[in-house]
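Given next are the chains, with one letter for each unit.
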Amino acid sequence: MAEQTTLPEGVGEAVGIPHGSATVLGAKPDAVGAKPDSAVVRDALGVGIAVGLSGFAFGVTSAGSGLSLLQTCALSLAVFTGASQFALVGALAAGGNPYTAAAGAFFLGVRNSFYGLRLSQLLALPRALRPFAAQWVIDETTAVTLPQPTRRAARIGFAVTGLTLYVLWNLTTLLGALGAEALGDTDAWGLDAASPAVFLALLAPMLKSTTERITAAIAVLLALGLLPVLPAGVPVLLPALAAPAVLFLSGRRKGTSRDTAAAEENR
């Protein structure tokens, strides 16, 4: 995770802390606005266990797509980002080109780099720990870490969520891959929908502004609309265009509003 010199935009506001207030983020547990360690651990365990169990669905889906037990477990151990893993095996199961499937999984996982930029200043981990912590920078750890009111709480939330999720996800991946044959037709169980459902449940509360909601809605419509007409693995890439398109239109609208206001003042 890369260093930053200022607190990422929105972190302070999200928890009622003055923007850039490193003193508050580094406060002791008894500081104003602090959260009991037990409450942080409880929340982190809840997310880690709930999402970690869905690794079973990935193990079943991966085995059903033709990947071996070793390949399935290696994906969870090394990649460890559920959405990207499901995108890869889903595209392969649909007969997609392996390179297209890998590209879709890669670009879907790029978002974790941006999470790392936001978490770096918040956690302020020693340099020796950062390469190991980077493996745990995913949707769920970010969702638990960012709302914490103090640096201590953020570190606890990140560590407990990451450790719980990593252990459970890999264990249930192994169990799912081993049990795939016993389940028979894995498509009939609909287990591939488990991870996206969890991801949406975590994402929805974070879409606070109208711009964010519009961007998410357009991305969903693009993905659903392009799914029947494009090769497997490609539809997951194109919805990313929703973000720059909405930001561009939003910027133009604000510019027009400013120009209109300035014209009214000059009358």
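For clarity, every value in this text was computed on a predicted model and none was experimentally measured.

Peer 1: Can you walk me through the overall build of the protein in this structure?
Peer 2: Each helix and strand counted, the protein has 14 helices and zero strands in total. The order of helices and strands in the protein, counted from the N terminus, is α-α-α-α-α-α-α-α-α-α-α-α-α-α. By the burial criterion, 37% of the 267 residues in the protein qualify as buried. Partitioning the intrachain contacts of the protein with sequence separation of at least 6 by distance along the chain shows that 75% fall at a separation of at least 24. Surface accessibility of the protein: about 14,600 Å² in total, with carbon and sulfur atoms responsible for 67%.

Peer 1: Please clarify how the nonpolar core should be interpreted in this entry.
Peer 2: Note on soluble globular proteins: their nonpolar side chains tend to be buried together. Counting 22 residues, the largest nonpolar core has Phe58, Leu75, Leu165 and Trp169 as the members making the most contacts within it. Looking at this core, the elements with two or more residues in it are α3 (37-52), α4 (55-64), α6 (82-93), α7 (98-109) and α11 (151-183). Counting residues per element, this core draws most heavily on α11, which supplies five residues. With residues near it in sequence (within four places) discarded, Trp169 still touches Val51, Gly52, Ser54, Gly55, Phe58, Ser76, Phe80, Gly82, Gln85 and Phe86. Counting nine residues, the second-largest nonpolar core is a separate cluster that includes Leu119, Leu125, Val137 and Ala154.

Peer 1: Looking at this structure, I do not really get the packing of α6 against α7. What am I missing?
Peer 2: At their nearest, the axes of α6 and α7 sit 8 Å apart, and the two run at 165° to each other. Here α7 runs roughly antiparallel to α6, going by the angle between their axes. The handedness of the crossing between α6 and α7 is right-handed. The segment α6 lies against α7, with Ala83, Ser84, Ala87, Leu88, Ala91 and Leu92 engaging Pro98, Ala101, Ala102, Ala105, Leu108 and Gly109. Looking at the contact of α6 with α7 residue by residue, the classes come out as ten nonpolar, two polar and no charged.

Peer 1: What's the story with unusual backbone geometry in this structure? I'm lost.
Peer 2: In terms of backbone geometry, most residues other than glycine have negative phi values and most peptide bonds are trans. At Phe80, a position not held by glycine, the phi torsion is positive, near 50°. The residue Phe80 is located in the loop between α5 (69-78) and α6 in this model. If you check the backbone angles, Ala124 has positive phi at about 50° while not being a glycine. Examined against the element boundaries, Ala124 turns out to sit in the loop between α8 (111-123) and α9 (130-134). Judged by relative accessible area, which is 30%, Ala124 ranks as partly exposed.

Peer 1: I tried to follow a nonpolar patch on the surface on my own but got confused; where do I start?
Peer 2: There is a patch of nonpolar side chains on the surface, built from Leu45, Ile49 and Leu53 and spanning about 240 Å² of accessible area. For Leu45, the location among the structural elements is in helix α3. Given the relative accessible area of 34%, Leu45 is considered partly exposed.

Peer 1: Got a minute to help me understand α8 in this structure?
Peer 2: For α8, spanning 13 residues, the distance from its first C-alpha to its last is 18 Å, which sits close to the expected 18 Å at 1.5 Å a residue. For α8, every residue scored as buried is listed here: Arg111, Asn112, Gly116, Leu119, Ser120, Gln121, Leu122 and Leu123. In the segment just after α8, Ala124 is the residue with positive phi, at about 50°.

Peer 1: What exactly am I supposed to notice about the environment of Leu165 here?
Peer 2: Summarising the element assignment, Leu165 is placed in helix α11. Here Leu165 falls in the buried class, since its relative accessible area comes to 2%. In sequence terms Leu165 and Gly48 are 117 residues apart; their C-alpha atoms lie 4.4 Å from each other. When residues no more than four places from it in sequence are discounted, the contact partners of Leu165 are Gly48, Val51, Gly52, Phe80, Ile138 and Glu140.

Basis of the calculations
Residues numbered from 1 in each chain as written. Predicted model: local features only at pLDDT ≥ 70, side-chain atom pairs only at ≥ 80, totals over all residues. Heavy atoms only, no water. Helix = DSSP H or I, 4+ residues; strand = E, 2+ residues; numbered from the N terminus. Buried < 20%, exposed > 50% of the residue type's maximum accessible area, 1.4 Å probe, protein only. Contact = heavy atoms within 4.5 Å. Areas by Shrake-Rupley, 256 points an atom, 1.4 Å probe, with all protein chains shown as cover. Core = buried A, V, L, I, M, F, W, Y, C linked by side-chain atoms within 4.5 Å. Axes fitted to C-alpha atoms, helices over the stretch in contact; angles between N-to-C directions. Parallel < 35°, antiparallel > 145°, perpendicular 65-115°, else oblique. Left-handed = near helix turned anticlockwise from the far one by under 90°. Nonpolar A, V, L, I, M, F, W, Y, C, P; charged D, E, K, R; others polar. Patch = residues over 30% accessible without salt bridge, like charges linked within 9 Å, V, L, I, M, F, W, Y side chains within 5 Å. Salt bridge = Lys/Arg side-chain N within 4 Å of Asp/Glu carboxyl O. Expected span 1.5 Å × (residues − 1).

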